[in-house]
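Each chain, letter by letter, is given below.
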Amino acid sequence: MKLVIATNNAHKLSEIRDILGQKVELLSLADIDCYDDIPETSDTLEGNALQKARYIYERYGLDVFADDTGLEVTALNGRPGVFTARYAFPDRHDTEANTTKLLGELDGVADRTARFRTAIALILDGKEHVFEGIVNGEIATERRGTDGFGYDPVFIPEDTGKTFAELGVEQKNQMSHRARAVRKLCDFILAL
């Protein structure tokens, strides 16, 4: 099966390719010559994922899946949530600034519980499907570890005691929110 993933994010593409293995031939946006800035204007992760998938399906006619991920922090009433990638600056992605802002807002806060949530929208033969993956955990008080990207140095998945960045890419890919959502996607595809 051939599927487009609506991203050119090299980290995300590598992570998902590692999870899918040989089950699916995965094409990036660059592989289909799409360099558009695909809108993400929904107020939910599911809405953004569907918006991106529909954009590709309508313009290219290819089976596609798109994801959106949010870090939801209890003490911040679920923020950054849908604004996770643009938390520090609404007009651009800056992972260092995002993490610094998050740590600053949680400085001195006792409840550091949080969860990472990924929504994946699949359009296959014109039919839409949505899958979700969640990892509960907490936010560290400082950056720890060097693997991964984004908030990985400050997110500690429950029952590990280590941040995603300390666990390493291989272990993260087995347990991450994205891995859980991708597994649901794969199970669905393989059951067809």
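Here is a short report on the structure shown in this document. (Residues numbered from 1 in each chain as written. Predicted model: local features only at pLDDT ≥ 70, side-chain atom pairs only at ≥ 80, totals over all residues. Heavy atoms only, no water.)

## Focus: the side chain of Arg112
Working step 1: With respect to the secondary-structure elements, Arg112 resides in the loop between α3 (95–105) and β5 (113–124).
Working step 2: In this structure Arg112 is buried but unpaired, with Asp107 as the nearest side chain of opposite charge at 6.3 Å.
Working step 3: Polar contacts involving the side chain of Arg112 include one to the main-chain carbonyl oxygen of Ile139, which spans 2.8 Å.
Working step 4: Apart from the residues within four sequence positions on either side, Arg112 is in contact with Leu103, Leu106, Gly137, Glu138, Ile139, Ala140 and Thr141. (Helix = DSSP H or I, 4+ residues; strand = E, 2+ residues; numbered from the N terminus. Buried < 20%, exposed > 50% of the residue type's maximum accessible area, 1.4 Å probe, protein only. Lys, Arg positive; Asp, Glu negative; His and termini not counted. Salt bridge = Lys/Arg side-chain N within 4 Å of Asp/Glu carboxyl O. Polar contact = N/O pair within 3.5 Å; in protein donor to acceptor, adjacent residues only side chain to side chain. Contact = heavy atoms within 4.5 Å.)

## Focus on helix α2 (residues 45–60)
Working step 1: When the terminal C-alpha atoms of α2 are compared, their 23 Å separation across 16 residues agrees well with the 22 Å that a helix rising 1.5 Å per residue should span.
Working step 2: Inspection of α2 places Leu45, Asn48, Ala49, Leu50, Lys52, Ala53, Tyr55 and Ile56 among the buried residues, and these make up the whole buried set.
Working step 3: Buried residues along α2 sit in contact with β1 (2–5), β3 (64–73), β4 (80–81), β5 and β6 (127–139).
Working step 4: Where α2 terminates, the next one or two residues include Gly61, which has phi positive at roughly 65 degrees. (Expected span 1.5 Å × (residues − 1).)

## Observations concerning the nonpolar core
One recurring pattern in soluble globular proteins is that nonpolar side chains are buried together.
Working step 1: Counting 19 residues, the largest nonpolar core has Leu3, Leu26, Phe65 and Leu122 as its most contacted members.
Working step 2: Looking at this core, the elements that each hand over two or more residues are β1, α1 (10–20), β5 and α6 (177–190).
Working step 3: Among the elements that make up this core, the one with the highest residue count is α6 (six residues).
Working step 4: Leave out the neighbours within four places in its chain, and Leu26 touches Leu3, Ile5, Leu13, Ile16, Arg17, Leu20, Asp31 and Phe65.
Working step 5: With 17 residues, the next largest nonpolar core counts Val135, Ile139, Phe155 and Phe164 among its residues. (Core = buried A, V, L, I, M, F, W, Y, C linked by side-chain atoms within 4.5 Å.)

## Here's the deal with the pairing of β3
Working step 1: The element β3 is extensively covered by neighbouring structure, given that 10 of its 10 residues are classed as buried.
Working step 2: As judged from the two bridges shared by β1 and β3, these two strands associate in the parallel manner. In the sheet register, Ile5 faces β3, and the bridge partner there is Phe65.
Working step 3: Here β3 pairs with β5 via 10 bridges, running antiparallel. Looking across to β5, one finds that Gly70 is bridged to Arg117. (Pairing = 2+ DSSP bridges.)

Nothing here speaks to function; it is geometry throughout.
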